[in-house]
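# Coordinates in review
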Amino acid sequence: VTEDPARYFLDGETLTYSLQIGDSSIATGEIKDGKAVFTGVAEGATTASITASNNQTHTFNITVRKSANGSGWL
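Given the structure is predicted, the values throughout are model-derived calculations rather than measurements.

### A word on the overall build of the protein chain
- If you tally the helices and strands in the protein chain, you get 0 helices and 6 strands.
- Reading the helices (α) and strands (β) of the protein chain from amino to carboxyl end gives β-β-β-β-β-β.
- Summarising its shape, the C-alpha atoms of the protein chain cover approximately 35 × 20 × 15 Å along the three principal directions.
- A total of 74 residues make up the protein chain; the buried ones form 26% of that total.

Next up, the structure:
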């Protein structure tokens, strides 16, 4: 899954971001070309957070399911 963190921060287009995943055995993530890219590793749930260069942080949950209506990892 790829998401644009700039959509969730005030003046987000001018910021840079860092990403932290609570449990990397469930999901991994990275900031690539200004986008947050998430990869499901195993079924389960974990927390994650994105911190912007203005020191604002958004925390959220990631749920990974083995099958998402037959289309694979979610």
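### Quick word on the sheet that holds strand S6 (residues 57-64)
- In spatial order, the strands read S2-S5-S6; together these 3 strands make up an open sheet with antiparallel pairing. Single-partner strands in this sheet number two, and they are strand S2 (17-21) and S6. Averaged over all pairs of adjacent strands, the angle between their axes in this sheet comes to 25 degrees, without regard to strand direction.

### As for the side chain of Thr 46
- When you line up the elements, Thr 46 lands in strand S5 (residues 44-52).
- Classification of Thr 46 by relative accessible area gives buried; the value is 8%.
- Excluding its chain neighbours within four sequence positions, the residues that come into contact with Thr 46 are Ile 21, Gly 22, Asp 23, Ile 26, Ala 27, Phe 60, Asn 61 and Ile 62.

### Some words on the pairing of strand S4 (residues 35-40)
- Here strand S1 (residues 2-3) pairs with S4 via 2 bridges, running antiparallel. Residue pairing across strands places Thr 2 opposite Val 37, the latter belonging to S4.
- Sheet topology note: the strand S3 (residues 27-32)/S4 ladder contains 6 bridges and is antiparallel. When the bridges of S4 are listed, Ala 27 appears paired with Gly 40.
- If you look at the hairpin formed by S3 and S4, you'll find 2 residues sitting between the two strands, and Asp 33 has a positive phi there, around 55 degrees.

### With respect to the sheet that holds S4
- Strand order across the open sheet formed by 3 strands is S1-S4-S3, with antiparallel pairing between neighbours. Of all the strands in the sheet, the pair left with one neighbour each is S1 and S3.

### A word on the packing of aromatic side chains
- Evaluated as defined, the whole model comprises 2 aromatic pairs.
- On the numbers, 5.3 Å between centres and 50 degrees between planes, the contact of Phe 9 with Tyr 17 is tilted.
- Of the residues examined, Tyr 17 reaches a relative accessible area of 13% and is grouped as buried.
- Ring geometry for Phe 38 versus Phe 60: centroids 5.9 Å apart, planes at 90 degrees, classification edge-to-face.

What counts, and at which threshold
- Residues numbered from 1 in each chain as written.
- Predicted model: local features only at pLDDT ≥ 70, side-chain atom pairs only at ≥ 80, totals over all residues.
- Heavy atoms only, no water.
- Helix = DSSP H or I, 4+ residues; strand = E, 2+ residues; numbered from the N terminus.
- Buried < 20%, exposed > 50% of the residue type's maximum accessible area, 1.4 Å probe, protein only.
- Pairing = 2+ DSSP bridges.
- Axes fitted to C-alpha atoms, helices over the stretch in contact; angles between N-to-C directions.
- Contact = heavy atoms within 4.5 Å.
- Phe/Tyr/Trp six-rings, centres within 6.5 Å; stacked < 30°, edge-to-face > 60°.

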